[in-house]
Amino acid sequence: MTTIASVHGALPPYRYRQDAITDAFCEWCVTSHAEELLVRRLHRSARVDTRHLVVPLERYPELADFHAANDMFISQGSVLAKEALVGALDAAGIRADEVDVIFFTTVTGVAAPSIDARIAGDVGLRADVKRVPMFGLGCVAGAAGVSRLHDYLVGHPDDVAVLLSVELCSLTMQRNDTSVANLVASGLFGDGAAAVVAVGERRAQLGGITGPTVIDSRSHLYPDTQRTMGWDVTGSGLKIVLDAHVPEIVEKFLGDDVRRFLKEHHLEVADVDAWICHPGGPKVIEAIRDVLELSDADVRLTWDSLAQVGNLSSSSVLHVFAETLRQRPQAPGAIGVLMAMGPGFCSELVLLRW
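So, here is what we can say about the structure in this document. Computed from a predicted structure; not experimentally measured.

**Structural notes on the overall build of the protein**
- Of the regular secondary structure elements, the protein holds 11 helices and 13 strands.
- Relative to the globule expectation of 20 Å for 354 residues, the C-alpha radius of gyration of the protein, 19 Å, shows essentially globular dimensions.
- With the principal axes as the frame, the protein shows a C-alpha extent of 65 × 45 × 35 Å.
- Across the 354 residues of the protein, 59% fall into the buried class.
- Taking as baseline every contact in the protein between residues at least 6 positions apart, the subset at least 24 positions apart corresponds to 81%.
- For the protein, the exposed surface amounts to about 14600 Å²; the carbon and sulfur share of it is 51%.

This is the structure in structure tokens:
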């Protein structure tokens, strides 16, 4: 089994209340009174109180094109990546030169070499560390990345594996896009990073490393949903694709997926002690809660994360995971489910045991 040694989130230093971001967005991107009223209504309904941005709010007009925004992604994403990775390694009590493989995921910027390679020397990763950059998974990548760590460590039980996520969603803002999808995204997404340190079974036993273990994972790619969520790559950068029917897809598929997955391990929804859910937005969280017949307390940390930092794409569910480990210590044998959904449209489920 794979042991999760630590999960650590990192946030940029510039924190703003939602109304300040709304005012700025209206100033830069809105061309009519009707559009402004719509933006303000959508931002209020997002249930986001504050968000962290990678650059000061007043500097966003300087990012005139995709080139400028992507350069900022590389420079500031590298800073945040180092903070997340070093924090996770310190929390796990594992040195950087002990890492055997690093999975890196993002969907909000493009870099070749990828950010994990750019920071490898600074943080002390070995020259022979295996690198697995993953692009395009979006919001699902936090859970999918944990699954891929587990897949690797099952075959390498002596190894240390890291998942590193960096998402600077604010840098993808499209000023000339007044579609409802872009207006919704402008009120929902924030910037952040996160890292997970995991070890194989023999490494955990020899090193006395404790934490929740990964029992199994499950992926599901839903048919005819390619335009549900993702990006259109345009001359001005990454243009959001976000269908209003995402909650309906969750309601249609997720309940059966989770129940089948649990049944394979002789478990039911009532047996799960910790629900670690991606904060995709209010309607998505409500759909998860309702289709699984959960209580508000079951998804409280997901709601809290949405309110405090917004949706951080792939980093979000890892922030919820970190807060679950910090705020809700579980008794030995407790069961957890880590879940996220993203472009494809798809879902990823991870079964955990403490």
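**A closer look at empty space enclosed by the protein**
- Here the structure, examined in full by the defined rule, presents one cavity of 30 Å³ or more.
- Taken as a whole, the largest cavity encloses approximately 410 Å³ of empty space.
- Elements represented by at least two residues in the lining of the largest cavity include exactly helix 1 (18–29), strand 3 (50–53), helix 6 (180–188), strand 9 (229–234) and strand 10 (237–242).
- Domain assignment of the residues forming the lining of the largest cavity places at least three in each of domain 1 (2–207) and domain 2 (213–353).

**Regarding the packing of helix 10 (residues 300–309) against helix 11 (residues 316–327)**
- Axis separation between helix 10 and helix 11 bottoms out at 10 Å; the angle between their running directions is 125 degrees. In this view, helix 10 runs oblique relative to helix 11, as classed from their interaxial angle. Handedness of the crossing formed by helix 10 with helix 11: right-handed. Residues Leu301, Thr302 and Ser305 of helix 10 touch helix 11, and the partners they reach there are His319, Val320, Glu323, Thr324 and Gln327.

Scoring rules and cut-offs
- Residues numbered from 1 in each chain as written.
- Predicted model: local features only at pLDDT ≥ 70, side-chain atom pairs only at ≥ 80, totals over all residues.
- Heavy atoms only, no water.
- Helix = DSSP H or I, 4+ residues; strand = E, 2+ residues; numbered from the N terminus.
- Rg over C-alpha atoms; globule rule 2.2 N^0.38 Å.
- Buried < 20%, exposed > 50% of the residue type's maximum accessible area, 1.4 Å probe, protein only.
- Contact = heavy atoms within 4.5 Å.
- Areas by Shrake-Rupley, 256 points an atom, 1.4 Å probe, with all protein chains shown as cover.
- 1 Å grid on protein atoms, 1.4 Å probe; cavity = no way out; pocket = protein on both sides within 12 Å on 5 of 7 lines; lining within 4 Å.
- Points joined across faces, edges and corners; volume = space filled by probe spheres on them.
- Domains from an automatic or database assignment.
- Axes fitted to C-alpha atoms, helices over the stretch in contact; angles between N-to-C directions.
- Parallel < 35°, antiparallel > 145°, perpendicular 65-115°, else oblique.
- Left-handed = near helix turned anticlockwise from the far one by under 90°.

Purely geometric numbers; function is a separate question.
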